[in-house]
Amino acid sequence: MALVIGNNSYSDVPVLSKARADAQSIGIKLNELGFTVTTALDQDRRGLNKKISEFTARLEPGDAALVFFAGHGVEIDGENYLLPTDIAAPSAGGSDFVKSESIALSDLLDRVSKTGARSAVVIIDACRNNPFELVKGRSIGTTRGLGRIAAPQGTFVIFSAGAGQLALDRLNLRSQPQVQCRQILRSPALLAPRRPSTAFWNAIRAARTNTRTRVPCNCGKA
């Protein structure tokens, strides 16, 4: 089972150009691998929560789950937040507002873990410039990139750049995050492992090596 999210059309923060197309490409590849794919494009907060709830409701104990998110994200007080398209740019210091109007990555991981899914792979392509960095006064969130996390047991979390580093939105038609993801998805271990798999981690290492011209992905594991 897979949930694939791509947000380009933000209403109050910088619009992205490739998140939606990357999500669609990843969705096609997952279909080829035999996943049942739920695709969610340009989702506001209510729509994003609804898609996540529908996805976790379909997961059963023993399932293999994959979540892909491409869009804006921000780290605030050690937590990573995924931003829906209707996120409003708050006034200076309005970090609590951003927290309440976004999806906390740790909460998303916990929701998937509680379904009893055998294994989960979560790929986050949201390591861009802080969309709130132009707010006057005290800044909201870190300046760039996302932070490291402690994932639940059995969950693999892959970022498109290292902690505090950037993955640019406008590279070329074969953007690095998408190239990395496609190489990782070729691994048969994606569907099979009951424990962290050597084959799966070899696929991640190969993706990092073959795309070393940009910042390598940051792969966190439980």
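Scope of this entry: the structure provided in the associated data block.

### Comments concerning the nonpolar core
So, step 1. By size, the foremost hydrophobic cluster in this structure holds 49 residues, and its most contacted members are Phe55, Phe68, Leu105, Leu108, Val112 and Ile124.
So, step 2. Here the element with the most residues in this core is strand E3 (residues 64-70); it accounts for 6 residues.
So, step 3. Not counting residues within four places of it along the chain, the set of residues in contact with leucine 108 comprises Ile52, Val67, Leu82 and Ile103.

### With respect to the side chain of glutamate 79
So, step 1. Mapped onto the elements of the fold, glutamate 79 is located in strand E5 (residues 79-82).
So, step 2. There is no salt bridge for the buried glutamate 79, and the closest opposite charge comes from lysine 99, which lies 9.0 Å off by N-O distance.
So, step 3. Within the structure, the side chain of glutamate 79 is placed 2.4 Å from the side chain of serine 106, a separation counted as a polar contact.
So, step 4. Residues in contact with glutamate 79, not counting those within four places in the same chain, are Val74, Ala104, Leu105 and Ser106.

### Some thoughts on helix H2 (residues 45-58)
So, step 1. If you check H2, its first and last C-alpha atoms are 20 Å apart, about what 14 residues at 1.5 Å a residue would give, namely 20 Å.
So, step 2. The set of residues buried in H2 consists of Gly47, Leu48, Ile52, Phe55 and Thr56. Taken end-on, H2 shows its buried residues confined to a sector of 160°, consistent with a single buried face. Along H2, the residues that are exposed and aim more than 90 degrees away from the buried face are Arg46, Lys50 and Ala57.
So, step 3. Tucked inside the fold, the buried residues of H2 contact strand E1 (2-6), E3, strand E6 (103-104) and helix H4 (105-113).

Cut-off values and rules
Residues numbered from 1 in each chain as written. Predicted model: local features only at pLDDT ≥ 70, side-chain atom pairs only at ≥ 80, totals over all residues. Heavy atoms only, no water. Core = buried A, V, L, I, M, F, W, Y, C linked by side-chain atoms within 4.5 Å. Buried < 20%, exposed > 50% of the residue type's maximum accessible area, 1.4 Å probe, protein only. Helix = DSSP H or I, 4+ residues; strand = E, 2+ residues; numbered from the N terminus. Contact = heavy atoms within 4.5 Å. Lys, Arg positive; Asp, Glu negative; His and termini not counted. Salt bridge = Lys/Arg side-chain N within 4 Å of Asp/Glu carboxyl O. Polar contact = N/O pair within 3.5 Å; in protein donor to acceptor, adjacent residues only side chain to side chain. Expected span 1.5 Å × (residues − 1). Arc of directions from axis to C-beta.

The values are spatial; any link to function lies outside them.
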